[in-house]
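Structure at a glance
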Amino acid sequence: MEKYLNEINYDRLVENALKHVVIDALKIVEKQGLPGDHHFYIAFRTDYPGVQMDELIRSQYPKEMTIVLQNQFSDLKVGAAGFSVTLKFSRIPYVLEIPFAAVTYFGDPSVRFGISFGSELDSNTPEAEATPARKNADVVSIDAFRKNGNA
């Protein structure tokens, strides 16, 4: 039997709803490709359990990295708990497997849309990698929905 809680955790409910925006957008691209000028910036924690990537790439981004799904990606597969995609680094294809729980930012600069999942960018992430999406998108942070003192 499930344990009853003393209060509703709206932070978690909002974050789960916003994660479904990411999931649904990726499912559209999985089925039909990127429509029009749409392209995605996705930041994720490389140290999150379940993230699968080549150790050479992980050594360059030990905490967080941002990937761009635009022209040079293939084999996008969206599952219940995460997604996988093949990207080229120095012209060599690598498969990345990323749980949705590891995603910290999702943006589509073509329509000035972005969602931040409350995790600050780590100082190990190169500024050039994360800045373009954040400058070109209106970021919706779940922090805006949190009560003072609970952030």
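Within each chain, residues carry numbers counting from 1 in the order of the written sequence. In keeping with the model being predicted, local features are shown solely for residues with a pLDDT of at least 70 and side-chain atom pairs are shown and tallied solely at 80 or more, while totals for entire chains, interfaces and linings include all residues. To get the side-chain values, all heavy atoms of the structure are used, and hydrogens and water are removed first.

Considerations on a nonpolar patch on the surface
Residues qualify for a patch when their relative accessible area is over 30% and they have no salt bridge, like charges being joined within 9 Å and the nonpolar side chains of Val, Leu, Ile, Met, Phe, Trp and Tyr within 5 Å. In this description, accessible areas are obtained by the Shrake-Rupley approach with a 1.4 Å probe, and a residue is regarded as covered only by the protein chains that are shown. A pair is scored as a salt bridge if a Lys or Arg side-chain nitrogen falls within 4 Å of a carboxyl oxygen belonging to Asp or Glu. There is a patch of nonpolar side chains on the surface, built from Ile8, Tyr10 and Leu13 and spanning about 340 Å² of accessible area. A relative accessible area of 54% means that Tyr10 is categorised as exposed. Think of it in three bands: residues with accessible area under 20% of the maximum for their type are buried, residues over 50% are exposed, and the middle band is partly exposed, with areas taken using a 1.4 Å probe on protein chains only.

Quick look at the pattern of salt bridges
Oppositely charged side chains can form a pair if their charged atoms are brought close together. Counted by the stated rule, this structure contains three salt bridges. One salt-bridge network, in which partners are shared between bridges, spans Arg45, Asp47 and Lys63.

Re unusual backbone geometry
The residue Asp75 is not glycine, and still its phi comes out positive at about 55 degrees. Of note, the phi angle at Arg112 is positive, near 55 degrees, even though the residue is not glycine. For Arg112, the location among the structural elements is in the loop between strand S6 (103-108) and strand S7 (113-116). Here a helix means four or more residues in a row that DSSP labels H or I, a strand means two or more in a row labelled E, and each is numbered from the N terminus.

Notes on the nonpolar core
Soluble globular proteins tend to pack their nonpolar side chains together in the buried interior. One finds Leu26, Ile42, Ile67, Leu69, Phe83 and Val85 to be the most contacted residues of the largest nonpolar core, which totals 31 residues. Secondary structure elements with two or more residues in this core: helix H1 (10-32), strand S1 (40-45), strand S2 (64-69), strand S3 (73-78), strand S4 (82-89), strand S5 (92-99) and S6. When residues of this core are assigned to their parent elements, the largest contribution, six residues, is made by H1. Throughout, a contact is declared for two residues whenever any of their heavy atoms are within 4.5 Å. The contact partners of Ile67, leaving out residues within four places of it in the chain, are Phe40, Tyr41, Ile42, Phe44, Phe83, Val85, Leu87, Leu96 and Ile98. We define the nonpolar core as a collection of buried residues of types Ala, Val, Leu, Ile, Met, Phe, Trp, Tyr and Cys that are connected through side-chain atoms lying within 4.5 Å of one another.

What to know about the pairing of S1
Burial analysis of S1 places six of its six residues in the buried class, which makes it a mostly covered element. Neither face of S1 is open: one carries Phe40, Ile42 and Phe44, the other Tyr41, Ala43 and Arg45, and all of them are buried. Two strands qualify as a pair provided that DSSP identifies no fewer than 2 bridges between them. Where S1 meets S2, six bridges bridge the pair, whose relative direction is antiparallel. Residue Phe44 lies in a different strand from S2, and its bridge partner there is Met65. Sheet topology places S1 next to S6; four bridges connect them, and they run antiparallel. Its bridge partner lying in S6, Ile42 is registered against Phe106.

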